[in-house]
Amino acid sequence: MIHWEIDYADITTIPADPDGKKQHAVEMLNVIDRGTSILVDSVAADDYTAESTIFALTQTFLINGLPDTITLDRDPRFIGGWQGDDFPSAVMRFLLCLNISLDICPPRRPDLKPFVERVHRTIQEECIREHKPTTLEQAKDQLETYRFRYNTTRPHQGRACRNQPPYKAFPQLPTLPHLPHTIDPDAWLKSIHGRQFRRRVQSNGSIKIDNRSYYVGKTRRGHLVHLNVNANERTFRVSHGREVIKTIPIKGLYDEVLRFEDYFKLMLEEAKTEWRKTKRLVRERRLNWAA
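A brief structural summary. As the structure is a prediction and not an experimental result, all values here were calculated from the model. (Residues numbered from 1 in each chain as written. Predicted model: local features only at pLDDT ≥ 70, side-chain atom pairs only at ≥ 80, totals over all residues. Heavy atoms only, no water.)

**Points about the sheet that holds strand E5 (residues 101-104)**
Taken in spatial order, the 5 strands make up an open sheet running E3-E2-E1-E4-E5, and their pairing is mixed. Unpaired on one side and paired on the other, strand E3 (39-45) and E5 mark the two borders of the sheet. On average, adjacent strands in this sheet sit at an angle of 20° to one another, irrespective of strand direction. As defined by bridge partners, strand E1 (residues 3-10) adjoins strand E2 (residues 27-33) across 7 bridges and the pair is classed as antiparallel. Bridged to Ala 9 within E2 is Met 28. Where helix H1 (residues 50-64) meets the sheet, it contacts E1, E2, E3 and strand E4 (69-72), and its direction lies at approximately 135° from that of E1. (Pairing = 2+ DSSP bridges. Helix = DSSP H or I, 4+ residues; strand = E, 2+ residues; numbered from the N terminus. Axes fitted to C-alpha atoms, helices over the stretch in contact; angles between N-to-C directions. Contact = heavy atoms within 4.5 Å.)

Rendered as structure tokens:
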């Protein structure tokens, strides 16, 4: 129960929006444990965004506790516009602040999350196509019933379960850490300690990281500068070549410990704002590819 895989999958029996305004009608967010093949959760929704993903995962954590690691793909709802040369997305920051390590699959490598890919197919064949839910409420009921059957009575042919249901193969499970009462909302910064960002100085002497401007100096305009993250001091060390130009505080940090409830609300708002920008970026990329 320490390493989970998560992913979305369409519930294909529920008709899509006739106006074509939504790419997915209803989806399920499946969460499965690598070590035991236990189906931790399978949650249907018709509005999965970065914001609702945080909400759904928090519900799962409340019931099951926190794993050490989560494997996920590069779905924009998980990683936003993050491509390694920017700060982590809201969902990523949320998980990192809960002390969960992230294993992000490279593009077009579903084989690196084999457990959740397999359970997608199993649920489609044994639940969705069998019962053919046509509404969100039907899908929720069927998935909850199937998850109980999958874990308690359905023989699992995976190597770990030895043709037994996961709960029978693993009758004693560890108690996972609970959601914390308080949280450091800047703890995610440790995950990028020492990372170097490259930016070209604009004509006004500034550069941008994570949609925030930092002034470097007009004498450096047009130059390529490097910014090294010091998570302990919460600063960037700005250098040009071998010369260190200046040290500047990283913007957008909270600099105080928050109650989890307050932090949760802040992250939902951040995810909502970020998702609007991500959708715009995704739309622009699709238009560029089509052209």
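**Let's talk about the packing of aromatic side chains**
Under the criterion given, the structure shown has 13 aromatic pairs. For the ring pair Phe 94 and Tyr 263, a centre distance of 6.0 Å and an interplane angle of 10° mean the geometry is stacked. Here Phe 94, found in helix H3 (residues 90-97), pairs with Tyr 263, found in helix H7 (residues 260-290); they are 169 residues apart in sequence, far enough to count as distant. By relative accessible area, Phe 94 is classed as buried at 1%. Overall, the relative accessible area of 0% leaves Tyr 263 in the buried class. In this structure an aromatic cluster arises from ring pairing among Phe 55, Phe 94, Phe 260, Tyr 263 and Phe 264. Across from the ring centre of Trp 188, 5.9 Å away, lies the NZ or CZ of Arg 93, which sits over that ring. (Phe/Tyr/Trp six-rings, centres within 6.5 Å; stacked < 30°, edge-to-face > 60°. Buried < 20%, exposed > 50% of the residue type's maximum accessible area, 1.4 Å probe, protein only. Lys NZ or Arg CZ within 6 Å of the ring centre and 35° of its normal.)

**Considering the pairing of strand E10 (residues 224-230)**
Pairing of strand E7 (residues 196-200) with E10, which is carried by 5 bridges, proceeds in the antiparallel orientation. By the bridge assignment for E10, Phe 197 is matched with Leu 227. Connecting E10 to the next strand, strand E11 (residues 235-240), in antiparallel fashion are 4 residues, including Arg 234 with a positive phi near 60°.

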